[in-house]
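Examination of the molecular architecture
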Amino acid sequence: MVEEAAAFKITHVKESRVKQLDPENIVFGSLFTDHMLVADCIDGVWQTPEILPYGDIAYNPALASLHYGQSIFEGMKAFRNVDNEVVMFRPEENFKRFNISAERMCMAQVPEEIFMGGLKEILKLDSAWVPDGEDNSLYLRPFMFASDVYLGVRPSFNYRFMIIMSPAGKYYSTPPKVKIETEYIRAATGGVGYAKCAGNYAASLYPAKLAQEQGYTQLLWTDAQTHTKFEESGTMNVFFVQNGKLLTPKTSTTILKGITRDSLINIARDSGYEVSEQDVYVKDIVEGIKDGSVTEVFGAGTAVVVSPFSGVGFEGDDIPLPAITEKSISSVLKQKLDGIRKGKLEDTHGWVYKV
Ligand code: COI
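All values derive from a computational prediction rather than experimental measurement. (Residues numbered from 1 in each chain as written. Predicted model: local features only at pLDDT ≥ 70, side-chain atom pairs only at ≥ 80, totals over all residues.)

Some details on the pairing of strand β3 (residues 35-42)
Here β3 runs beside strand β5 (residues 50-53); their pairing, made up of four bridges, is antiparallel. Considered in β5, the bridge of Met36 is made with Leu52. As paired elements, β3 and strand β10 (residues 159-168) share five bridges and run antiparallel to each other. Residue Ala39 lies in a different strand from β10, and its bridge partner there is Phe161. Examined bridge by bridge, β3 and strand β4 (residues 45-46) share two bridges and lie antiparallel to one another. Within β4, the residue paired with Cys41 across the bridge is Trp46. Connecting β3 to the next strand, β4, in antiparallel fashion are two residues, including Asp43 with a positive phi near 50°. (Pairing = 2+ DSSP bridges. Helix = DSSP H or I, 4+ residues; strand = E, 2+ residues; numbered from the N terminus.)

Things to note about the UniProt feature "modified residue: N6-(pyridoxal phosphate)lysine" (unreviewed entry) in the protein
In this numbering, the UniProt entry assigns the feature "modified residue: N6-(pyridoxal phosphate)lysine" (unreviewed entry) to Lys196. When you line up the elements, Lys196 lands in the loop between β11 (177-180) and α4 (198-213). Discounting residues that sit within four places of it in the chain, Lys196 has contacts with Ile72, Phe73, Glu74, Arg97, Ser101 and Leu256. (UniProt positions renumbered as here; feature names shortened; annotations may be inferred. Contact = placed C-beta atoms within 7 Å.)

A closer look at α4
The end-to-end C-alpha separation of α4 is 23 Å, in line with the 22 Å expected for 16 residues at 1.5 Å each. Bending of α4 peaks at approximately 35° at the position of Leu205, with proline Pro207 no more than four residues after it. When α4 is considered as a whole, its buried residues turn out to be Asn200, Ser204, Ala208 and Ala211. In this structure, the buried side of α4 is in contact with β11 and β12 (218-222). Once α4 finishes, Gly215 follows within two positions and takes phi at roughly 95°, a positive value. (Expected span 1.5 Å × (residues − 1). Bend = angle between axes of the 7 residues up to and from the residue. Buried ≥ 20, exposed ≤ 12 C-beta atoms within 10 Å, placed from the backbone.)

With respect to the domain arrangement of the protein
Once the domains are mapped, the protein shows domain 1 (2-168) and domain 2 (177-341). In this structure, domain 1 and domain 2 have C-alpha centres spaced 28 Å apart. Among the elements of the structure, β6 (71-73), β7 (76-80) and α2 (91-104) are those that each provide at least two residues to the side of domain 1 that touches domain 2. No other element matches α2, which puts five residues into the side of domain 1 that touches domain 2. Classifying every residue of the side of domain 1 that touches domain 2 by side-chain character gives nine nonpolar, five polar and six charged. (Domains from an automatic or database assignment. Nonpolar A, V, L, I, M, F, W, Y, C, P; charged D, E, K, R; others polar.)

Side note on the sheet that holds β11
Reading across from one edge, β13-β12-β11-β19-β20 is the order of the five strands in this open sheet, with mixed pairing throughout. At either margin of the open sheet sits one strand with a lone partner, and together these are β13 (230-233) and β20 (317-320). Direction aside, the axes of adjacent strands within the sheet are offset by 25° on average. In this sheet, β20 lies alongside strand β19 (residues 311-314) in antiparallel orientation, the contact comprising four bridges. Of the residues in β20, the one forming a bridge with Gly313 is Asp318. Those strands touched by helix α6 (residues 282-291) are β11, β12, β13, β19 and β20, and its axis lies near 60° from that of β20. (Axes fitted to C-alpha atoms, helices over the stretch in contact; angles between N-to-C directions.)

Here's the deal with the packing of helix α5 (residues 259-270) against helix α7 (residues 329-341)
Two numbers describe how α5 lies on α7: the axes approach to 10 Å, and their chain directions differ by 105°. In terms of their interaxial angle, α5 and α7 are classed as roughly perpendicular. Contact residues: α5 offers Ser263, Leu264, Ile267 and Ala268, while α7 offers Leu333, Lys336 and Leu337. Class assignment of the residues belonging to the contact of α5 with α7 gives a composition of five nonpolar, one polar and one charged. (Parallel < 35°, antiparallel > 145°, perpendicular 65-115°, else oblique.)

Now the structure itself:
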């Protein structure tokens, strides 16, 4: 059945696949909901977005994004709250960041009606896919790529914006052990570190693979110039607890401005913790873990939420961190964030967005 709903052309699936969803056994990024959104920008003009049954897309081998990497994305989540309503968390922030990434990668700006309106429309259609369960959510993946068929190096004239959705559970089953990376870099000043562009993730794979071969789960990136200051970790921002105070690297052109990061800073301050956004030096943290003043190191991001590390590796040494308890600051912050998102705690910042 094809239907024109508001500004969207919708083709419904004949039969939902939602019975494939097992909330007890979710593997991140492996199962997709019934529908996907597709919107093309042709020579600067956005065409009517279509919502279609989820499926393959075919492309010309000269597709510009395959060759020169004009490709960006966002990661966001929808939840089922205590009243069984479907809600998103701070989606306007993802919308803004998406267009900041688009600007840096010289791509078309996506209009709010398509990004926000599209999310609402597709979430309404596939709401049965938002799983129950403490660590479960529906991961939303808006993305855009250059769709010119052309091999010359210049910004594409045409773009395709899409939204796909995938049920998500816990990202890491056990606390990651991370290696402090002092050879390879993630981003340099003036580069694209703050943009959520595909190439940032591609560039991280080789150093991450080397670290995995050495027994680590992920990397803790340091600054490109001196390798003395922390930047972020894997796909997440990073926090340290030293003498009961939270430290996190201040954002710059080399660090992604995480929405979970910002939410945790606010929740921590609201809860009376001291938080400092500052340069965080590798030496201070390594010494602090050894002398017991640093008690927690954790990642924060949409996919991982709050992910405490079991230890860090530095210059061949493995330095374990104390085990996390319910009273650890990372546990308290995660509980509060979850509570706000699921409607168990008051949403004093107006972060929760009902679909
Ligand atoms: C997110 O947290 O949304 C991310 O970007 C992680 C993703 C690359 C798995």
